[in-house]
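Commentary on secondary and tertiary structure
The chain contents come next:
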Amino acid sequence: MLDKTYRPAEVEPKHYENWEGAGLFGAQPDSNARPYTIMMPPPNVTGSLHMGHALTFTLQDILIRYHRMQGRDALWQPGTDHAGIATQMVVERQMAAENLTRHHLGREKFVERVWQWKAESGGTITRQLRRLGASPDWARERFTMDEGLSAAVRKVFVDLYKQGLIYRDKRLVNWDPKLHTAISDLEVEQREVQGSMWYLRYPVEGEAGRYVTVATTRPETMLGDTGVAVHPEDERYKDLVGRMLRLPIVDRLIPVVADEHSDPEKGTGAVKITPAHDFNDFEVGRRHNLPMINVLDRDARINENAPTAYQGLDRYEARKKVVAEFEALGLLEKIEPHTLMMPYGDRSGVVIEPWLTDQWFVDAATLAKPAIAAVEQGHTRFVPKHWENTYFEWMRNIQPWCISRQIWWGHQVPAWYGPDGAIFVELDEAGAAAAAAGHYGKAVELVRDADVLDTWFSSALWPFSTLGWPEQTAALARYYPTDVLVTGFDIIFFWVARMMMMGIHFMGDVPFRDIYIHALVRDEKGQKMSKSKGNIIDPLELIDKYGCDALRFTLTALAAQGRDIKLAESRVEGYRNFATKLWNAARFCQMNECRPVAGFDPSTAGERVNRWIAGKLAEAAERVGQAIDGYRFNDAANAAYHFVWNTFCDWYLEFAKPILQGGDEAAKAETRATAAWTLDQILHLLHPFMPFITEELWEQLADTRERLLISAPWPNLAFHDAEAEGEMDWLVKLISSVRAVRAEMNVPPSARLPLLVKGGSADTTRRLATHRDIILTLARAGSIETVAEAPSKGAVQVVVDEATVLLPLADVIDLGQEKARLAKEIARLSGDIDKVEKKLANQAFIAKAPPEVVEEQRERRDEWAAARAKLSEALERLAAM
């Protein structure tokens, strides 16, 4: 017998160990089944489970479990990312506690130390994914630094270099002056800060007393200015284009150039150009062949390219000195408070510098062209479709991709330098030595490039490197291209686009057919979760409190396409109650001896209620399957939820009680078999969403099973009995309508009202007689009577199909008081709706409020409007009495 309560903490580890131990997550490469492949976005090896992980891995697990049950050869390829900077920082912090730095150890010993850390502590995230119920093929787990993937990285780098698609160049990068490395845009955090705008005057050469005023938030960078840009159509400066300004402090002549980068409406319309310290200025400098003068060193201190008095100063000390000197020269026009977005390193916490340095770059523009065409031509589709616009926008304006990092943990660049700086790019040192000997005509000493590759470079190869490439393996032939990538919108640029470029270039085909982009998980107010706000919700804490299935189902039910998830703990508690409802329904069935009957066929059932539930189940199974196929996860969860909670628990089991407790043994046996069969099918439908409770019930509700539920086939149901469905749906509608009126009118639960039915057909009369007892019980009616005329007053009318059902209320409620209550509630709702309408009509509010706040206001208005409509309908009924 099932325990009175479901205890997830006991059940979950038991079933997970059984599944994994039996190899049930594994792909079946030797089977005849059609492959279905998902590449797990590899979490950082340093990571721990957060709510974004919980969402993305739940959705992927739903897809993989569903297609596994559909009979596909399902491969969910797992693995972790070596997370270069993040991992190096973790190990360096650990060493700092021992008063050690990586330089004490040297590169080789430090890398060994990182591998040691990975062996001891790098499995946290994969253990936590198991707690989430994730079912990837763990036996195939990969790591972006393992030998096979490292070989793929070297091969791709060498091939792209020899094809002219990787090159070394001096360009601006995001430079972290604390970590001393270039970082990606994703590792740059934009923070709003209150700063200043300084207005500096630059004298016009040869025209005493005339100045061009430029506005800047970074006065210290003027030491590297090599020009001033004005808009070609700006009449104020037309006569100055081509002339020279004398740069104060530095005493360097710089030209005025005409460039559309300058906005005449912004600031003074004249923009100081510092090509070596601003990304936009870099492009202006290239267009006008301006010198690029780097005035900062790797620590963001002023270097030897600035006047002696500034050399060695920290950037902010230099700022104070520049401003003071401009003021002393009479060239500081004014200072204004200014709010700006400042770039910070997300790991170091220091302000990032655009810095001119020698780095390795990928010619992303060339690689992007076929990747753009693949989406345009439908070889890969985005779901929701609007995300393809984001993809196109970035890909069509793509910049060279900086792939080198100045750290030690990662894939070291396979490039060696000869005595004169000649570069030799080969798969290994022996190949480089041979190439160098051929170049110089003798053996020479080579020095390997010290940089490592951007983590995104290796993860861009993930869809094919994990399957064995560059070897032409059976797995590669079978599972590439993959079926779907499930990921967040924030890495469309950094990962999705790069996988598309690399997959097409090296495999000749797209890496995935579908790209499903899910939204963010926010807090219940719609705010982004962050440590600073203190609103982070820990998924593991929710699992401990409510069970894994409750969390999974909550995230799924809220995962509407294109809408962020507002997560409140109360939601998870609510879906824990759903798990409890399922458990209690199973206990009810068990107590009533509803056991699975081998070979049961619902089409042989004679009782209408049993034929009805079989048809409703088939409808629900179709809706759930179609929704999963369309990545409408919330629709799938809600279809399953409503069938289980409403149709099965609230209606079918109630309709079945009189049969199960009656004396007709044949009807009782049939109903027991139908209830058990329906419950089994429910477990199948819910398994992708709620794997643990369904597997537990599957195990306990039958003495023996041929297989575990995880391996059972998805229901293939097609039974429908239109006559049974028409009759039972009518019964549900009748009882629901009566219940709704009772609730709206505040009828006391104990009051047994007579039901008067007018204008009913012969079929309705028959149905009333057939189901009289169940109507009396569930509608809390005192009697049922067909009448030719409605009472002259005092009765509320409800239309059910062709019949009118009347409920005499005059002797049960105070009609005047009830009308006043409804009117008051309608007025309150109208007032609330008006307030929201005024907000939504206010363009200033719409412009300033975050989109999620605006959406929340709209949802609230619509919810109140629906409630008001129901109350108005009730008031009209009362008025008609």
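Remember, predicted model here, so these are calculated numbers, not experimental data. (Residues numbered from 1 in each chain as written. Predicted model: local features only at pLDDT ≥ 70, side-chain atom pairs only at ≥ 80, totals over all residues. Heavy atoms only, no water.)

Counted by the stated rule, this structure contains 42 aromatic pairs. A centroid spacing of 6.2 Å and a plane angle of 65° characterise the contact between Tyr16 and Trp19, whose relative ring orientation is edge-to-face. Note that Tyr16 and Trp19 are positioned in helix α1 (residues 8-21) at a spacing of three residues, about one turn of the helix. Three or more aromatic residues link up through ring pairs in this structure, and these residues are Phe553, Tyr575, Phe578, Tyr641, Trp645 and Phe689. For the cation-ring pair, Lys118 lies above Phe143, with the distance from its terminal atom to the ring centre recorded as 4.3 Å. (Phe/Tyr/Trp six-rings, centres within 6.5 Å; stacked < 30°, edge-to-face > 60°. Helix = DSSP H or I, 4+ residues; strand = E, 2+ residues; numbered from the N terminus. Lys NZ or Arg CZ within 6 Å of the ring centre and 35° of its normal.)

If you trace the three strands from one edge of the open sheet to the other, you get β19-β18-β20, paired in antiparallel fashion. In the strand order of this sheet, the two ends are held by β19 (423-425) and β20 (447-448), each with one partner. Bridging between strand β18 (residues 415-417) and β19 involves three bridges; their strand directions are antiparallel. In the strand pairing of β19, Tyr417 is matched with Ile423. Most of the contacts of helix α12 (residues 429-440) go to β19, to which it runs at about 140°, and overall it touches β18 and β19. (Pairing = 2+ DSSP bridges. Contact = heavy atoms within 4.5 Å. Axes fitted to C-alpha atoms, helices over the stretch in contact; angles between N-to-C directions.)

Attention now goes to the pairing of strand β29 (residues 803-808). β29 sits mainly inside the fold: five of its six residues count as buried. Judged from the six bridges that link them, strand β28 (residues 795-800) and β29 form a sheet pairing that is antiparallel. Across the sheet, Val798 pairs through a bridge with Val805, a residue of β29. Counting the residues that bridge the hairpin from β28 to β29 gives two residues, and of these Asp801 lies at a positive phi of roughly 55°. (Buried < 20%, exposed > 50% of the residue type's maximum accessible area, 1.4 Å probe, protein only.)

Each neighbour pair has its own omega, and for Val383 with Pro384 the value is -5°, a cis peptide bond. Relative to the assigned elements, Pro384 resides in the loop between β15 (381-383) and α11 (387-396). Here the bond from Tyr480 into Pro481 is cis, since omega is 0°, no more than 30 degrees from zero. You can see Pro481 is positioned in the loop between α15 (474-479) and β22 (482-488). In this structure, Ala83 takes a positive phi of about 50° despite not being glycine. Tracing the chain through its elements places Ala83 in the loop between β3 (79-80) and α3 (84-96). For Ala83, a relative accessible area of 5% gives the class buried. Despite not being glycine, Glu593 has its phi angle at roughly 60°, a positive value.

Next up on the list: the sheet that holds strand β13 (residues 332-345). What holds strands together in a sheet is hydrogen bonding between their backbones, with the strands either parallel or antiparallel. Pairing in this open sheet of three strands is antiparallel, and the strands run β8-β7-β13 from one edge to the other. The open sheet has two edge strands, β8 (211-216) and β13, and neither has a second partner. Across the sheet, the mean angle separating the axes of adjacent strands is 20° when strand polarity is ignored. Summarising the sheet, strand β7 (residues 188-203) and β8 pair through six bridges and their orientation is antiparallel. Bridged to Pro203 within β8 is Tyr211.

Moving on to the nonpolar core. Core analysis: the biggest nonpolar cluster contains 146 residues, and Met51, Leu567, Phe648 and Phe655 have the highest contact counts within it. Examining the composition of this core, we find that 17 residues originate from one element, helix α21 (residues 633-660), more than from any other. Beyond its immediate stretch of four places on either side in the chain, Met51 contacts Val521, Met529, Ile537, Asp538, Pro539, Leu542, Leu551, Leu555 and Leu567. Tyr417, Val425, Tyr480 and Val510 belong to the second largest nonpolar core, which has 63 residues in total. (Core = buried A, V, L, I, M, F, W, Y, C linked by side-chain atoms within 4.5 Å.)

Among the residues of helix α25 (residues 762-770), Thr764, Arg767 and Leu768 are the ones counted as buried. The buried residues of α25 all sit within an arc of 100° when viewed along its axis, so they share a single face. For α25, the exposed residues lying more than 90 degrees away from the buried face are Ala762 and Ala769. As for α25, its buried residues are in contact with α24 (722-744), β26 (753-758), α26 (772-778), β27 (781-787) and β29. (Arc of directions from axis to C-beta.)

It is worth spelling out the environment of Asp538 at this point. Summarising the element assignment, Asp538 is placed in the loop between β24 (521-523) and α17 (539-546). For Asp538, a relative accessible area of 27% gives the class partly exposed. Discounting residues that sit within four places of it in the chain, Asp538 has contacts with Leu49 and Met51.

What follows is about the side chain of His15. Secondary-structure assignment places His15 in helix α1. Residue class for His15 comes out buried when judged on its relative accessible area of 2%. When near neighbours in sequence (up to four residues on either side) are disregarded, His15 contacts Phe692, Glu695, Glu696 and Glu699.

Take helix α7 (residues 147-162) next. Three or four residues apart is the spacing at which side chains of an α-helix point the same way, because the helix has 3.6 residues per turn. Compared with an ideal rise of 1.5 Å per residue, which puts 16 residues at 22 Å, α7 spans 23 Å between its outermost C-alpha atoms and is within 8% of the ideal. Here α7 has its buried residues at Leu149, Ser150, Ala152, Val153, Val156, Phe157, Val158, Asp159 and Leu160. (Expected span 1.5 Å × (residues − 1).)

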